[in-house]
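# Secondary and tertiary structure notes
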Amino acid sequence: MSEESAARRMRVSVISPTEVGYEGEAESVVAPAFDGRLGILYGHAPMMVLLGTGDVVIRNGQHTETFTVARGFLQVVDNEISIMAEEVSGTNS
């Protein structure tokens, strides 16, 4: 991995009241907002949205993590993504 690609990664947390589903880095994240799918890349503007129910896909190089979330919030600030959901269940791809 080049120094430039390492610098263009975001910090991601996927949590529920009972578990931490994911803590790590990502090149891209796709999540279910309450009104549609949301894609996030490095440098995304700060925002906070309501989550819907569906899959969160976290890509980091050739590795992909997929989590199903239900209800909650997603926040992006300074290349850090926090996904706080009422329910989180995950599978590795």
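Provided above is the structure to which this section pertains.
Everything numeric here is computed off the predicted structure, so don't read it as measured data.

### Let's talk about the pairing of strand 6 (residues 63–77)
For strand 5 (residues 47–60) and strand 6, the ladder comprises 13 bridges, and the chain directions are antiparallel. Bridging across to strand 6, Arg-59 finds its partner in Thr-64.

### Points about unusual backbone geometry
Located in the positive-phi region is Asp-78, a residue other than glycine, with phi close to 50°. For Asn-79, which is not a glycine, the phi torsion comes out positive at approximately 60°. Along the chain, the position of Asn-79 falls in the loop between strand 6 and strand 7 (80–92).

### Digging into the pattern of salt bridges
Counted according to the given criterion, the structure contains four salt bridges. Taken together, the salt bridges that share partners define one network made up of Arg-71, Glu-86 and Glu-87.

### Points about a nonpolar patch on the surface
On the surface, a nonpolar cluster with roughly 500 Å² of combined accessible area is contributed by Phe-34, Met-48, Leu-50, Phe-73 and Met-84. Mapped onto the fold, Leu-50 is located in strand 5.

### Overview of the side chain of Asn-79
Of note is the side chain of Asn-79, whose polar atom sits 2.7 Å from the backbone nitrogen of Gly-43. In contact with Asn-79, not counting residues within four places along its chain, are Met-10, Arg-11, Tyr-42, Gly-43 and His-44.

### Considerations on the environment of Gly-54
For Gly-54, the location among the structural elements is in strand 5. Sequence spacing of Gly-54 and Pro-32 is 22 residues, and the spatial spacing of their C-alpha atoms is 5.6 Å. Apart from the residues within four sequence positions on either side, Gly-54 is in contact with Pro-32, Phe-67, Thr-68 and Val-69.

Scoring rules and cut-offs
- Residues numbered from 1 in each chain as written.
- Predicted model: local features only at pLDDT ≥ 70, side-chain atom pairs only at ≥ 80, totals over all residues.
- Heavy atoms only, no water.
- Pairing = 2+ DSSP bridges.
- Helix = DSSP H or I, 4+ residues; strand = E, 2+ residues; numbered from the N terminus.
- Salt bridge = Lys/Arg side-chain N within 4 Å of Asp/Glu carboxyl O.
- Patch = residues over 30% accessible without salt bridge, like charges linked within 9 Å, V, L, I, M, F, W, Y side chains within 5 Å.
- Areas by Shrake-Rupley, 256 points an atom, 1.4 Å probe, with all protein chains shown as cover.
- Polar contact = N/O pair within 3.5 Å; in protein donor to acceptor, adjacent residues only side chain to side chain.
- Contact = heavy atoms within 4.5 Å.

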